[in-house]
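Understanding the architecture of this molecule
Residue-level listing of the chains:
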Amino acid sequence: MDMIGFLAGDHSLAILCILAGVAFIAGAFDAIAGGGGLVTVPALVIAGLDPVSAIATSKLQATLGAVSATTSFGRAGLIEWRRIWPAALLACVGSVLGALAVSSVPQQVVKTGLPFLLIAMALYFALSPKMTDEDAGQRISMAAFCATAAVVIGFYDGAFGPGTGSFFMIAFVLLLGWGVVRATAHTKLLNLASILGSLSIYLFHGLVHWRIGVVMGLGAFIGALVGSRLAIRAGARLIRPLLMVVCCAIAFKLMLAPAHPVHQWLAGRM
């Protein structure tokens, strides 16, 4: 079987090209502000995957995008590898625990409250004078950050997921006082670690569609390369507004789900 035939499998080459294009856009957004799953998961469902397989396959393609973004920021000298590796390790452990505990996590409670938290974060990104390229005062030690924020956000990524990059970003800014570009660079590493943690569980259960994941991963890899370079050059001028857009987009997507109280309230008014 030739390479094209292997990659296509049960899907046409045209569909794979479209998915690769979607992943390119998602990878670029992920490298700057996160939120790529808003695009890739629905696209995979439309392509014919069941929702669980779509999430699992999206994790695979996001891994390649995160590797690309992390490498770009690392080559630019923006990642303090020796200082941050414990946080990355604990984010990975937290994600594995979250993926294993997903059945016991109150998903509806999370889905109901998360949009309001994301909107509050968007307002913070818009109004806070701390959201600049300059570092500010540190509130907690790196050890405390590793033991709390890294584990908790990693667990959240494994159990649920939307907005993980934004949560890591705001944790770096609020708790460690890091500037936006510095926080973005380290967010990509922790996000990569948490993705790998939950992906390992999906792989163990055989939920990943390899052909589609690899094709989309190539698109995400290139997209993340472009996005990370834009983020490094433009800094807070680009990252800050995109973070606001991503937070609001995830919030509104969750609110429009049929089971969300906001959707039900709006439906009752119409």
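Residues numbered from 1 in each chain as written. Predicted model: local features only at pLDDT ≥ 70, side-chain atom pairs only at ≥ 80, totals over all residues. Heavy atoms only, no water.

**Some details on helix H2 (residues 13-32)**
Which entries qualify depends on this criterion: A run of DSSP states H or I qualifies as a helix once it reaches four residues; a run of E qualifies as a strand once it reaches two. Both are numbered from the N-terminal end. A helix is expected to reach a length of 1.5 Å times the quantity of its residues less one. Relative accessibility under 20% of the residue-type maximum defines a buried residue, over 50% an exposed one, and the middle range a partly exposed one, all with a 1.4 Å probe and only protein chains included.
Its 20 residues place the ends of H2 29 Å apart at the C-alpha level, agreeing with the 28 Å of an ideal helix rising 1.5 Å per residue. Among the residues of H2, Leu16, Leu19, Ala20, Val22, Ala23, Ala26, Gly27, Ala28, Ala31 and Ile32 are the ones counted as buried. Gly34 lies just past H2 and shows a positive phi near 85°.

**Looking at the side chain of Thr57**
Let me state the cut-off plainly: Think of a polar contact as two N or O atoms within 3.5 Å of one another; within protein, one of them needs to be a possible hydrogen donor and the other a possible acceptor, and neighboring residues in sequence only count if both atoms come from side chains. It only takes one pair of heavy atoms within 4.5 Å for two residues to be counted as in contact.
Residue placement: Thr57 occurs in helix H4 (residues 51-75). For Thr57, the side chain forms a polar contact with the main-chain nitrogen of His209, separated by 3.0 Å. With sequence-adjacent residues up to four places away left out, Thr57 is seen in contact with Leu44, Leu49, Leu207, Val208, His209, Ile212 and Gly213.

**Observations regarding the packing of H2 against helix H3 (residues 37-46)**
To keep it simple, the criterion reads: The angle between two axes is taken between their N-to-C directions and runs from 0 to 180 degrees, where each axis is a line fitted to C-alpha atoms and a helix contributes only its stretch in contact. Just so you know how the angles are binned, under 35 degrees is roughly parallel, over 145 roughly antiparallel, 65 to 115 roughly perpendicular, and the rest oblique. In a left-handed crossing the near helix is turned counterclockwise from the far helix by less than a right angle, and in a right-handed crossing that turn is clockwise.
At their nearest, the axes of H2 and H3 sit 8 Å apart, and the two run at 165° to each other. It follows from the interaxial angle that H2 and H3 lie roughly antiparallel. Seen along the crossing, H2 lies across H3 with a hand that is left-handed. Listed contacts from H3 to Leu19, Val22, Ala23 and Ala26 of H2 are Val39, Thr40, Ala43 and Leu44.

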